[in-house]
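Working through the structure, step by step
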Amino acid sequence: MSAPAVALPARRKRRLPFSPWHLVLIPATIALIFPFAWLIITSIETPAEALHFPPILTPHQLDFSNYPQALQEEPFARFFLNSAVVAVTTVISNLVLCSLAGYAFARYRFLGRGLLFVLIMTTLMVPFQVTMIPQFIITKWLGVHLLGAVGINHIGALIVPNAATAFGVFFLRQFFRTLPIEYEEAARVDGASRLTVLRRIVLPLSLPALSTLAALTFLESWNNFLWPLIAITSTNQMTLPLGLAMFQNSHSIEWTHLMAGNVMSLIPMLIIFFAAQRYFVRSVAATGITGM
Amino acid sequence: MTPGAAIIVLFGVVPIVWSAIMSFQRNSLVSAGGTPFVGLANYRQMLHDPVVAQALQNTVVYTAVFVPGTIIVGLFLAVAMNRKLRFISVYRTAAYATMAISTISEALVFIWLFDPSYGIVNYLFSLVGLHQQPFLNSTSEALFVIVIMTIWGWTGFAVVIYLAALQGIPQVLTEAAAIDGASRWTIFRRITWPLLSPASLFLLIWLTINALQLFDEVYLSTSGGPLNSTTVLVYYLYQIAFGQQGSGDLGYASAIAYFLFVIILAVTGLQFWGSRRFVHYRS
């Protein structure tokens, strides 16, 4: 009678050939990716396939005709152009105006500076719903009495109220204050004007902050919905989110076209996203939000 | 030097005061009868408006499900992704990608996924023997479909915040605990979770502020219906001020907007106050 072999703990024996975390992460990733995949699949199906039940997961042929059809039958090209004009203009004006204001608040003492800064900071706390009704009235008045191009129902109305933001001013002011003031003082002593100091010394040192502000402003503008919904009613002035919402509500459109338009609206976002993705975690850590 | 400040004052500061004044006036976009002061009438009207009560309830229910839901999903995925694995960058990219989609695109896709007749979710339900659901057409389900779509849309953000926080935790701490014989769960419970508390507080406050202002998804997917079951405060005040069936009563809409503002301030203040005992900052 041989002595029984010492039994190893059963748990140790049943080892998976891969980390068990994959068993969690693979289904999670499928759930996260699936809405994107289904969006793209619908956009390359024929309308009949899209309305088939049970749903067709793999279209029999790749049918890209929804894209040109969506561009022809619905003014998605126009929406795209409007969105691009609004977003690019808003980014540029924010970079210029928030730099100027942020620099003034960071480096210069002037009458009422403290009060003005507190007022601007207050707007960061107030939700947009509180300000949107007066903003509508003011924009309408400007369009009637000052310049039609910035009034209600013109894309100018989407640019001007967001041409400078409290967030941008605050963000750049904080960044400017971290720069060593000696360069600026030396340039001033050598006779450079304030604007030259800003343009030639401060801004080149602030490229990380400026590019962050540019990306955030672009995303905000591209995705903005509530204000365009209030300010714009005519189709040829609509931005992409507004145009998509209007066609979805009108029921006069094929889902396949709507999804093709939706994919087109996603493309600029995805480009920015993939370009910036490796900075995400690092930049969050740098803000100190996580308490480290 | 600061045309930027002028724009912020004109479109930011002035409207704060103006809408406060308007909330004490009778003010209509359509009538031309002036804007008489009516004292607290708009606020009193709010107390007796059953739709305001319903909208407040929907907003609270939505926030109470969406915020913890997003935090749990984000924390779970970030913990799972905070390790060296094959394909880890694929997993992380999938989570981050949800940040790239706008609220409108997100809502459109989910309306399609949850379509009662042609949607793939009902198809999957039929595969596992569940009944077909009306989803966004149902008074009891619509708000939760909106919860699901917004949790999905915020997952990337929550994962990024938690991953950044997790990567800031020194491994010495968890390794020392492991050598002392602490189980994985104890290490998470006693070391990781307390060290994540500043990130959790940030997410709690940020997600709550956004949840209380829910609008885009409701506008697109249900228009507040069916039977006001998804009417949230912002959607209701939009309807009053600018909607097709709205009364155009800007005074009343302003009063509701200020009511929302007070709720946001109070909830945020409470969260900060309540967090003092739970949040640990390393200095």
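Residues numbered from 1 in each chain as written. Chains lettered and ligands numbered in written order. Predicted model: local features only at pLDDT ≥ 70, side-chain atom pairs only at ≥ 80, totals over all residues.

**Some thoughts on the overall build of chain A**
- Helices and strands together make up the secondary structure of chain A, namely 16 helices and zero strands.
- Against the compact-globule benchmark of 19 Å for 292 residues, chain A has a radius of gyration of 27 Å, which places it well outside the compact range.
- Counting the 292 residues in chain A, one finds 38% classified as buried.
- When contacts within chain A are restricted to residue pairs at least 6 apart in sequence, long-range pairs at least 24 apart make up 69% of them. (Helix = DSSP H or I, 4+ residues; strand = E, 2+ residues; numbered from the N terminus. Rg over C-alpha atoms; globule rule 2.2 N^0.38 Å. Buried ≥ 20, exposed ≤ 12 C-beta atoms within 10 Å, placed from the backbone. Contact = placed C-beta atoms within 7 Å.)

**Here's the deal with the overall build of chain B**
- Assigned secondary structure in chain B consists of 13 helices and zero strands.
- Secondary structure elements of chain B occur, N-terminal to C-terminal, as α-α-α-α-α-α-α-α-α-α-α-α-α.
- Seen through its principal axes, chain B has C-alpha atoms that stretch 75 × 55 × 40 Å.
- Residues classed as buried in chain B amount to 45% of the 283 residues present.
- Restricting the contact set of chain B to residue pairs at least 6 apart, pairs at least 24 apart contribute 69%.

**Some thoughts on the confidence of the model for chain A**
Residues and elements named next belong to chain A.
- Mean pLDDT for chain A: 86, with 92% of residues reaching 70 or above.
- Element-level pLDDT for chain A is lowest in helix 1 (residues 10-13), with a mean of 50, against a maximum mean of 95 in helix 13 (residues 226-231).
- Across residues 1-10, confidence stays below pLDDT 50; counting only partners more than four residues off in sequence or on other chains, it has one contact. (pLDDT = per-residue confidence, 0-100.)

**Notes on the confidence of the model for chain B**
Residues and elements named next belong to chain B.
- Scored by pLDDT, chain B comes out at a mean of 90, with 97% of its residues at no less than 70.
- Within chain B, no element has a lower average pLDDT than helix 4 (residues 88-97), which sits at 89, and none a higher one than helix 3 (residues 50-81), at 96.
- With pTM at 0.90, the complex prediction returns an ipTM value of 0.89.

**Here we look at the interface of chain B and chain A**
- The interface of chain B with chain A comprises 77 residues on the first partner and 68 residues on the second.
- At 16 residues, helix 1 (residues 3-22) of chain B tops the list of elements feeding residues into the side of chain B that touches chain A.
- Considering only residue class, the side of chain B that touches chain A consists of 59 nonpolar, 15 polar and three charged. (Nonpolar A, V, L, I, M, F, W, Y, C, P; charged D, E, K, R; others polar.)

**A look at helix 7 (residues 142-167) of chain B**
Residue and element names in this part refer to chain B.
- End to end, helix 7 covers 38 Å across 26 residues, agreeing with the expected 38 Å (1.5 Å per residue, within 8%).
- The sharpest bend along helix 7 reaches about 40° and sits at W154.
- Burial within helix 7 is extensive, with 23 of its 26 residues counted as buried. (Expected span 1.5 Å × (residues − 1). Bend = angle between axes of the 7 residues up to and from the residue.)

**Points about unusual backbone geometry**
Residue and element names in this part refer to chain B.
- Cis geometry is adopted by the peptide bond preceding P226, which originates at G225 and carries an omega value of -15°.
- Looking at the element boundaries, P226 is found in the loop between helix 11 (216-221) and helix 12 (233-242).
- Although it is not a glycine, F87 adopts a positive phi angle of roughly 65°.
- As for its placement among the helices and strands, F87 is situated in the loop between helix 3 and helix 4.
- For F87, a count of 13 C-beta atoms within 10 Å gives the class partly exposed.

**Side note on the packing of helix 14 (residues 240-250) of chain A against helix 15 (residues 255-276) of chain A**
All names here are of chain A.
- For the pair helix 14 and helix 15, interaxial distance at closest approach is 10 Å and the crossing angle is 170°. Here helix 15 runs roughly antiparallel to helix 14, going by the angle between their axes. By crossing handedness, the relation of helix 14 to helix 15 is classed as left-handed. Residues L240, L244, F247 and Q248 of helix 14 touch helix 15, and the partners they reach there are L258, G261, N262 and S265.
- Here the residues of the contact of helix 14 with helix 15 sort into four nonpolar, four polar and no charged. (Axes fitted to C-alpha atoms, helices over the stretch in contact; angles between N-to-C directions. Parallel < 35°, antiparallel > 145°, perpendicular 65-115°, else oblique. Left-handed = near helix turned anticlockwise from the far one by under 90°.)

**Here we look at the nonpolar core**
Residue and element names in this part refer to chain B.
- Formed by 148 residues in total, the largest nonpolar core has its most connected members in V159, V160, I161, Y162, L237 and I256.
- Top element by residues in this core is helix 7. It accounts for 19 residues.
- Discounting chain neighbours no more than four positions away, the residues touching V159 are G74, L77, A78, M81, A95 and Y96. (Core = buried A, V, L, I, M, F, W, Y, C linked by C-beta atoms within 7 Å.)

**Topic: the environment of I169 of chain B**
Residue and element names in this part refer to chain B.
- In this structure, I169 sits in the loop between helix 7 and helix 8 (171-179).
- Here I169 falls in the partly exposed class, since 17 other C-beta atoms lie within 10 Å of it.
- When the C-alpha positions of I169 and I191 are compared, they lie 9.2 Å apart, and in sequence the two are 22 residues distant.
- Apart from residues lying up to four places away in sequence, I169 is in contact with T192 and L195.

**A few points about the environment of L119 of chain A**
- Position of L119 of chain A among the secondary structure elements: in helix 6 (residues 113-125).
- Between the C-alpha atom of L119 of chain A and that of A231 of chain A, which follows or precedes it by 112 residues, the distance is 25 Å.

**Some thoughts on the environment of V130 of chain A**
- Along the chain, V130 of chain A turns up in helix 7 (residues 128-145).
- Apart from the residues within four sequence positions on either side, V130 of chain A is in contact with I16, S19, A257, Y258 and F261 of chain B.

**Details of the packing of helix 10 (residues 181-189) of chain A against helix 11 (residues 194-205) of chain A**
All names here are of chain A.
- The N-to-C vectors of helix 10 and helix 11 enclose an angle of 145°; their axes lie 10 Å apart at closest approach. In this structure, the crossing between helix 10 and helix 11 has a hand that is right-handed. Mapping the contact onto sequence places Y183, E184, A187 and R188 in helix 10 and V197, I201 and V202 in helix 11.
- Its residues assigned to classes, the contact of helix 10 with helix 11 shows five nonpolar, no polar and two charged.

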